[in-house]
Amino acid sequence: MAINISSFIETLKKEVRHYTVPVVDLIAVQTKDPFKILVATILSARTKDETTAKAAQRLFEAAPDKKHLAALSRDEIQKRIYPVGFYKSKAVYLEKLPGSLEKFGGKIPETIDELITLPGVGRKTANLVMSAAFDKDAICVDTHVHRMMNIWGYVKTKTPLETEMALRKKLPRRHWKEVNSVLVAFGQGTCRPVSPHCDQCVLQTQCPQKGVKPRKQK
DNA sequence: AAAACGGGGGC
DNA sequence: GCCCCAGTTTT
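Residues numbered from 1 in each chain as written. Chains lettered and ligands numbered in written order. Predicted model: local features only at pLDDT ≥ 70, side-chain atom pairs only at ≥ 80, totals over all residues. Heavy atoms only, no water.

Identification of chain A as Exodeoxyribonuclease-3/endonuclease-3 from Desulfocicer vacuolatum DSM 3385 is taken from an unreviewed UniProt entry. In its Sequence similarities (unreviewed entry) section, the UniProt entry covering chain A states "Belongs to the Nth/MutY family." (UniProt positions renumbered as here; feature names shortened; annotations may be inferred.)

See below:
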């Protein structure tokens, strides 16, 4: 492999301002409220950060906490979160959320296993909430992180879950949280699967794919 | 116009 | 495992 994984992240970290900011950062700088971070992260699935941030803001105007959210109709939630991707499904998730929190005493749980029992929360979302809301050491592996880690040869895995487990062993703990901001942002903004911005990539000369588009041409 | 795509749920 | 969910971006 080209460079070790710590150097890889350190190099990107210096250039992070060039990349789009993940929605958790957008929300987290405005609030440390786990409820809002959780809701925004649920909304962010397969949706652009800017779209997600605006939708979350519209929703929070009417539902800044779980009590107010419980008072909203599914239709009202739908209207406020539109046009995030899969907004109908997400409206149902959010409608169920206050009730789902009851088995945790009405609070947002602080473990992965508990978080993924919530509607609309999978492993990627749970890890991001752990990191952004609770400042826990958690590695968020979205499809970009999964793809890049394999391209660079740091892991040889088939699923994002396997990648997460591999990184837990391989990646020094001090870098875990950085994956969630720096790497995620890099994957979305520069090292994208379609039309990557290789020309403005700080790791261009060391990239295993040099000039080759990361995307497979079937 | 059509395919690809930043997850997750239900089966 | 496979299919569904929607709007945006890319081809």
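Chemist: Explain the packing of aromatic side chains to me, using residue names and the numbers behind them.
Modeler: Inspection of every chain in the model, using the stated rule, returns five aromatic pairs. With a centroid separation of 5.4 Å and 70° between ring planes, the pair formed by Phe8 and Tyr154 is classed as edge-to-face. Of this pair, Phe8 sits in helix α1 (residues 5–14) while Tyr154 is found in the loop between α10 (143–151) and α11 (160–170), placing the two residues 146 residues apart along the sequence. Across the pair, Tyr154 and Phe8 agree in class, each one buried. Summarising the aromatic geometry, the rings of Phe8 and Phe186 are spaced 6.5 Å apart at their centres and angled 80° between planes, so their arrangement reads as edge-to-face. Here Phe8 is found in helix α1, whereas its partner Phe186 is found in helix α12 (residues 176–189), with 178 residues between them in sequence. Classification of Phe186 by relative accessible area gives buried; the value is 1%. Connected via pairs of aromatic rings, a cluster forms that spans Phe8, Trp152, Tyr154 and Phe186. (Phe/Tyr/Trp six-rings, centres within 6.5 Å; stacked < 30°, edge-to-face > 60°. Helix = DSSP H or I, 4+ residues; strand = E, 2+ residues; numbered from the N terminus. Buried < 20%, exposed > 50% of the residue type's maximum accessible area, 1.4 Å probe, protein only.)

Chemist: Could you give me a rundown of the protein's contact with DNA strand C, with the residues and numbers involved?
Modeler: In the neighbourhood of DNA strand C, 12 residues make up the surrounding shell, with Pro83, Phe86, Tyr87, Lys88 and Arg192 lying closest. Considering the 4 Å shell around the protein, atoms of DNA strand C inside it are sugar or phosphate in 51% of instances. At 3.4 Å, a backbone N or O of Phe86 approaches a sugar or linking oxygen of DNA strand C. Between DNA strand C and Arg192 there is a distance of 3.5 Å, counted from a phosphate oxygen to a side-chain nitrogen or oxygen. (Near = heavy atom within 4 Å. Polar contact = N/O pair within 3.5 Å; in protein donor to acceptor, adjacent residues only side chain to side chain.)

Chemist: Lay out the nonpolar core with the relevant residues and their values.
Modeler: Grouped together as the largest cluster of nonpolar side chains are 63 residues, with contacts concentrated most on Phe8, Leu59, Ile81, Leu94, Leu97, Met149 and Leu183. Two domains each provide a minimum of three residues to this core, namely domain 1 (5–19 + 139–206) and domain 2 (23–134). (Core = buried A, V, L, I, M, F, W, Y, C linked by side-chain atoms within 4.5 Å. Domains from an automatic or database assignment.)

Chemist: A description of the pattern of salt bridges should follow, citing residues and the corresponding values.
Modeler: Per the stated rule, a full pass over the model turns up 10 salt bridges. When the shortest N-O distance is used, the salt bridge between Arg173 and Asp137 registers 2.8 Å. You can see Arg173 sitting in the loop between α11 and α12 and its partner Asp137 sitting in the loop between α9 (123–134) and α10, a full 36 residues away along the chain. Asp137 gets classed as partly exposed once you look at its relative accessible area, which sits at 35%. (Salt bridge = Lys/Arg side-chain N within 4 Å of Asp/Glu carboxyl O.)

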